Amino acid sequence: MKIYDISGFPNPARIRIVLAEKGLDAQIEFVKVDLFAAEHKQDAFLAINPTGTVPVLELDDGTFISECVAITEYLDNLDGNPTLTGKTPKQKAVIHMMQKRADDQLIDAIGIYFHHATPGLGARLEAYKSPEWAHRKEWGERYLEKFVRGMQYFDSVLKSNAHVAGNDFSMADITVYAALMHAGAAGVVIPDDCTALLAWQAKMSERPSVKNRSGQVMALPAA
Ligand SMILES: N[C@@H](CCC(=O)N[C@@H](CS)C(=O)NCC(=O)O)C(=O)O
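Residues numbered from 1 in each chain as written. Predicted model: local features only at pLDDT ≥ 70, side-chain atom pairs only at ≥ 80, totals over all residues. Heavy atoms only, no water.

Where an unreviewed UniProt entry is consulted, the chain appears under the name Glutathione S-transferase, with the organism given as Caballeronia sordidicola.

The structure is reproduced here in structure tokens:
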């Protein structure tokens, strides 16, 4: 199998953590996509993922799978022993519910803020941003407010749960962790009063699947 991605980026990190959790690293060939050079917005890459984002998984039969949740479901179920996406109908439902909240309130929100209210990945990507959004910066800043509310929500969840979707580690934890990693790279700090979220983040960063890559946060071009 191949993964098209770039190391150090938050959504690619989600899948790299999944691979480590599942012991699948050795089965993957990584193909670097140069986001800073807008390689993901060119026809060759859009042919494998029309959304123009990484990561993308390519199966040995040539099938391309994009979207971290879909890739995670595939990798987690390969060995018939899903440990990240739930085993029972109830576990699956709760994990997907919390996963969707983590996507919507955290990782998508911080991504929109980063790409629209800050220089993002730099000048080379400007041409691919929506020119019709005259108030793009203001729009992006609203998503930072949403992200902060999201951190407060997940802090409240983690005050009574060991993990994001209950007692067990799941893909929803990976998504929240990657979103906080994205925030750190964008200069957004976790509020001091989010004590449960901060404690959970510290615990997560000691997890072997995370620890080995926690220093690998995207290096951004100078503004
Ligand atoms: N919903 C997508 C999000 C993927 C995503 O936004 N990836 C980022 C890298 S962290 C990306 O490719 N950004 C490039 C861009 O938006 O120009 C997923 O789950 O895979």
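Now, onward.
Explain the site of the ligand here, please?
Neighbouring the ligand are 13 residues, the closest being H40, T53, V54, E67 and C68. A distance of 2.9 Å separates an oxygen atom of the ligand from a polar side-chain atom of H40. The separation between a nitrogen atom of the ligand and a polar side-chain atom of E67 is 2.7 Å. Alone, the ligand offers 510 Å² of accessible surface; in the complex the protein occludes 84% of this. Judged by the proximity of its atoms to the pocket grid, the ligand belongs to the largest pocket. If you tally residues by element for the shell around the ligand, the top one is helix 1 (residues 10–22), at four residues. Residue composition of the shell around the ligand, grouped by class: six nonpolar, four polar and three charged. (Near = heavy atom within 4 Å. Polar contact = N/O pair within 3.5 Å; in protein donor to acceptor, adjacent residues only side chain to side chain. Areas by Shrake-Rupley, 256 points an atom, 1.4 Å probe, with all protein chains shown as cover. 1 Å grid on protein atoms, 1.4 Å probe; cavity = no way out; pocket = protein on both sides within 12 Å on 5 of 7 lines; lining within 4 Å. Sits in = over half its atoms within 2 Å of the grid points. Helix = DSSP H or I, 4+ residues; strand = E, 2+ residues; numbered from the N terminus. Nonpolar A, V, L, I, M, F, W, Y, C, P; charged D, E, K, R; others polar.)

Teacher, can you tell me more about the packing of helix 4 (residues 89–117) against helix 5 (residues 136–160) here?
When two helices pack together, their arrangement is given by the angle between the helix axes and by the axis-to-axis distance. Where helix 4 meets helix 5, the axes come as close as 7 Å, and the angle between the chain directions of the two elements is 145°. In terms of crossing hand, the pair formed by helix 4 and helix 5 is left-handed. Counted by class, the contact of helix 4 with helix 5 contains 16 nonpolar, four polar and six charged residues. (Axes fitted to C-alpha atoms, helices over the stretch in contact; angles between N-to-C directions. Left-handed = near helix turned anticlockwise from the far one by under 90°.)

What is the right way to look at the nonpolar core in this model?
The nonpolar side chains of soluble globular proteins are, as a tendency, buried together. Core analysis: the largest hydrophobic core is formed by 64 residues, its most contacted members being L57, L75, F147, V176, L197 and W200. Listing elements by their share of this core, those giving two or more residues are strand 1 (2–5), helix 1, strand 3 (56–58), helix 3 (68–77), helix 4, helix 5, helix 6 (171–185) and helix 7 (195–204). Examining the composition of this core, we find that ten residues originate from one element, helix 4, more than from any other. Here this core gathers at least three residues from each of two domains, domain 1 (2–77) and domain 2 (89–211). Ignoring any residue separated from it by four or fewer positions in sequence, one finds W200 in contact with L158, A162, H163, V164, D173, V176, Y177 and L180. (Core = buried A, V, L, I, M, F, W, Y, C linked by side-chain atoms within 4.5 Å. Buried < 20%, exposed > 50% of the residue type's maximum accessible area, 1.4 Å probe, protein only. Domains from an automatic or database assignment. Contact = heavy atoms within 4.5 Å.)

Any chance you could explain the domain arrangement of the chain here in plain terms?
Accessible area lost upon the coming together of the parts serves often as the stated size of an interface. If you check the domain split of the chain, you get domain 1 (2–77) and domain 2 (89–211). Between the C-alpha centres of domain 1 and domain 2 there is a distance of 19 Å. At the junction of the two partners, domain 1 supplies 20 residues and domain 2 supplies 18 residues. Between domain 1 and domain 2 lies a buried interface of about 1700 Å² when both sides are counted; carbon and sulfur atoms form 69% of it. Broken down residue by residue, the surface that domain 1 buries against domain 2 is led by P10, R14 and I17, which jointly contribute 32%. (Buried area = accessible area lost by both parts, 1.4 Å probe.)

Hey, could you run me through the side chain of S209 in this one?
Relative to the elements of secondary structure, S209 occurs in helix 8 (residues 208–211). Non-local contacts of S209, meaning those with residues more than four positions away in its chain, are made with I17, A20 and E21.

Got a minute to help me understand the UniProt feature "domain: GST N-terminal" (unreviewed entry) in the chain in this structure?
The sites that UniProt annotates as "domain: GST N-terminal" (unreviewed entry) are residues 1–83. Secondary structure content for residues 1–83 is 33% helix and 17% strand, and the end C-alpha separation is 20 Å. (UniProt positions renumbered as here; feature names shortened; annotations may be inferred.)

So what exactly am I meant to see when it comes to the packing of aromatic side chains here?
Centre distance and the angle of the planes are the two values used to describe a pair of aromatic rings. Within the structure shown, the criterion is met by five aromatic pairs. We note R16 situated over the ring of F30; from NZ or CZ to the ring centre the distance is 4.1 Å. Of note, R207 hangs over the ring of F169, and the distance from its end group to the ring centre comes to 3.5 Å. (Phe/Tyr/Trp six-rings, centres within 6.5 Å; stacked < 30°, edge-to-face > 60°. Lys NZ or Arg CZ within 6 Å of the ring centre and 35° of its normal.)

Looking at this model, I keep getting lost on the pattern of salt bridges. Mind explaining?
When the charged atoms of two side chains with opposite charge come close together, those side chains can pair. Scanning all chains against the criterion turns up ten salt bridges. Between R207 and E21 there is a salt bridge, with the nearest N and O atoms lying 2.7 Å from each other. Within this pair, whereas R207 is found in the loop between helix 7 and helix 8, its partner E21 is found in helix 1, the two being separated by 186 residues in sequence. E21 sits in the partly exposed class, given a relative accessible area of 26%. Taking the shortest distance from any N to any O, the salt bridge between K146 and D104 comes out at 3.0 Å. Residue K146 is found in helix 5, and its partner D104 is found in helix 4; the two are separated by 42 residues along the sequence. (Salt bridge = Lys/Arg side-chain N within 4 Å of Asp/Glu carboxyl O.)

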